[in-house]
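Here is what each chain is made of, one letter per residue.
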Amino acid sequence: MSLLLLPGDGIGPEVTAEVRRVAERLTPDLVIEERPFGGASFDALGTPLSDETLSLAKASGAVLMGAVGGPKWAGAPRHLRPEAGLLALRAGMAVFANLRPALCFPALADASTLKREVVEGLDIMIVRELTGGVYFGQPRGIEALADGQKRGVDTQVYTTSEIERVSRVAFDLARGRRNKVTSCEKSNVMETGLLWREVVTALHARQFSDVRLEHMLADNAAMQLVKNPRQFDVILTDNLFGDLLSDEAAQLTGSLGMLPSAAIGAAGSPGLYEPIHGSAPDIAGQGVANPLAAILSFAMALRWSLAAPELADRLTAAVETALTRGARTRDLGGTLGTAAMADAVLAAL
Ligand code: NAD
Ligand code: IPM
Ligand code: MN
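Residues numbered from 1 in each chain as written. Chains lettered and ligands numbered in written order. Predicted model: local features only at pLDDT ≥ 70, side-chain atom pairs only at ≥ 80, totals over all residues. Heavy atoms only, no water.

1. Comments concerning the environment of Lys227
Move 1: On the secondary structure map, Lys227 appears in helix α8 (residues 218-227).
Move 2: In this structure, the C-alpha to C-alpha distance between Lys227 and Thr27, residues 200 residues apart in sequence, is 41 Å. (Helix = DSSP H or I, 4+ residues; strand = E, 2+ residues; numbered from the N terminus.)

Following this line, the structure appears as structure tokens:
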């Protein structure tokens, strides 16, 4: 089996370096390749995602990405920005379902800015549609108007099959969990929201009526997530709402530096694993980033792409042990640096 590491920018290389150390210990036979990606690839090759890297990604057992972006590339044309490379990678690998588990480790129940009694025992799975919606819809762009103004356009668009395939993933996951799906959209104002609700409802009736389905408007869901997050089991939502709700859910677990993700596509095709946080320009280069979201993303790769669920369990347990022993990076209220936090996980392994 092989793993393609794409460190990317900012704290990306700092956290993926720790994934490499963990992988070398846990899976010594895993063949690890590394390529520049995002801003680093733009600087080296003139494009945030080279054809060679995309081909390699599609041929790998799994791909693990650190983070991309940063102020250095903020002025680049849209299609050459680091974030455009990430969207092209997701689309190119056809990983349409993004699993973002918000799990509050018992040792971190006091690390969140929310009260212990609200977040203790939290275990939510956000299923975010990842290759459609307003991130990819056409037309898009900024045009000049005759009167001297400009006009910016984004298009939110979904088809029946795009909604169905990601919904299937959510319903299947719920069956192995607490058997409940909360589907979030804005059917009260958006056409895509109306279609989303219609398609999810019909699919549920046809194939998943044993799962409890609830519909919730996405703005209410954002509020319910901080009011009573444990009401949720699986949250099913579109690309943009999923982006927002998962950052919000991350803070319930203690820090954005804790949330991993797995993006999966058709059975048998490689998954794309990435922490949900960004390149964190404000702390990049200081060696203080929390590597746990990246390390837990590797655990998800072991489970979902590398056919090693028992190693995924062991790694997750090691993270939990390290936290129980008091290991904390700065974002969790502690003083450990990135490498020292990974050391604590390795010691627990
Ligand atoms: P961000 O996630 O990079 O940072 C938000 C805040 O969380 C910052 O204060 C940062 O220091 C903190 N943080 C994030 N990860 C952390 C970690 N592992 N340990 C400790 N603290 C952490 O979001 P942003 O600042 O809005 O975006 C910065 C850049 O990253 C932008 O260019 C954006 O497009 C990009 N971005 C990339 C990804 C990705 O590659 N998947 C995700 C989100 C944002
Ligand atoms: C994420 C990020 C990305 C997104 C950006 C960097 C393209 O915020 O993975 O959550 O919006 O999907
Ligand atoms: Mn995001």
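2. Regarding the packing of helix α1 (residues 12-26) against helix α12 (residues 338-348)
Move 1: Remark: α1 packs on α12, axes separated minimally by 10 Å, with the N-to-C direction vectors making an angle of 20°. The orientation of α1 with respect to α12, classified from their angle, is roughly parallel. As for the relative orientation of α1 and α12, their crossing is right-handed in sense. Between α1 and α12, the residues in contact are Glu14, Glu18, Arg21, Val22 and Arg25 and Thr338, Ala339, Ala342, Asp343 and Leu346, respectively.
Move 2: Grouping the constituent residues of the contact of α1 with α12 by class yields 4 nonpolar, 1 polar and 5 charged. (Axes fitted to C-alpha atoms, helices over the stretch in contact; angles between N-to-C directions. Parallel < 35°, antiparallel > 145°, perpendicular 65-115°, else oblique. Left-handed = near helix turned anticlockwise from the far one by under 90°. Contact = heavy atoms within 4.5 Å. Nonpolar A, V, L, I, M, F, W, Y, C, P; charged D, E, K, R; others polar.)

3. Considering the pairing of strand β7 (residues 150-155)
Move 1: In the sheet, strand β6 (residues 137-144) pairs with β7 via 5 bridges, with the strands oriented antiparallel. Each residue of the ladder has a partner; that of Gly141, found in β7, is Val153.
Move 2: As consecutive antiparallel partners, β6 and β7 are separated by 5 residues, and within that stretch Gly148 has a phi angle of approximately 90°, a positive value. (Pairing = 2+ DSSP bridges.)

4. Section: the site of ligand 1
Move 1: As a structural note, the neighbourhood of ligand 1 is formed by 22 residues, with Val68, Glu83, Gly278, Ala280 and Asp282 the closest of them.
Move 2: Residue Glu274 places a side-chain N or O atom 3.3 Å away from a nitrogen atom belonging to ligand 1.
Move 3: In this structure, a nitrogen atom belonging to ligand 1 sits 2.9 Å away from a main-chain N or O atom of Asn290.
Move 4: Within the complex, 68% of the 810 Å² of free accessible area of ligand 1 lies under protein.
Move 5: Contributing elements (two or more residues each) for the shell around ligand 1: β3 (62-67) and α4 (82-93).
Move 6: Residues that form the shell around ligand 1 fall into these classes: 11 nonpolar, 7 polar and 4 charged. (Near = heavy atom within 4 Å. Polar contact = N/O pair within 3.5 Å; in protein donor to acceptor, adjacent residues only side chain to side chain. Areas by Shrake-Rupley, 256 points an atom, 1.4 Å probe, with all protein chains shown as cover.)

5. Thoughts on the side chain of Ser279
Move 1: Here Ser279 shows up in the loop between β12 (271-273) and α10 (292-304).
Move 2: For Ser279, a relative accessible area of 5% corresponds to the buried category.
Move 3: Once residues lying within four places of it in the same chain are set aside, the contact partners of Ser279 are Asp9, Gly10, Ile11, Ala67, Val68, Gly69, Gly70 and Ala284. (Buried < 20%, exposed > 50% of the residue type's maximum accessible area, 1.4 Å probe, protein only.)

6. Looking at the sheet that holds strand β8 (residues 180-185)
Move 1: A sheet is described by the order of its strands in space; here 10 strands give the open sequence β2-β1-β3-β12-β11-β4-β5-β10-β8-β9, paired in mixed fashion. Where the open sheet ends on each side, the last strands, each with one partner, are β2 (31-34) and β9 (212-217). Taking each pair of neighbouring strands and ignoring which way they run, the sheet shows an average axis angle of 25°.
Move 2: Strand direction decides the pairing type here: strand β1 (residues 2-8) and β3, joined by 5 bridges, are parallel. Bridged to Leu3 within β3 is Ala62.
Move 3: Of the strands in this sheet, β1, β2 and β3 touch α1, which is tilted by about 155° from β1.
Move 4: Across the sheet, α8 touches β5 (123-129), β8, β9 and β10 (234-237), and the angle it forms with β9 is around 105°.

7. Overview of the environment of Gly334
Move 1: Take Gly334: it is sitting in the loop between α11 (309-324) and α12.
Move 2: Considering only alpha carbons, one finds Gly334 and Leu259, 75 residues apart in sequence, at a separation of 18 Å.
Move 3: Excluding anything up to four places from it in sequence, Gly334 contacts Arg328 and Thr329.

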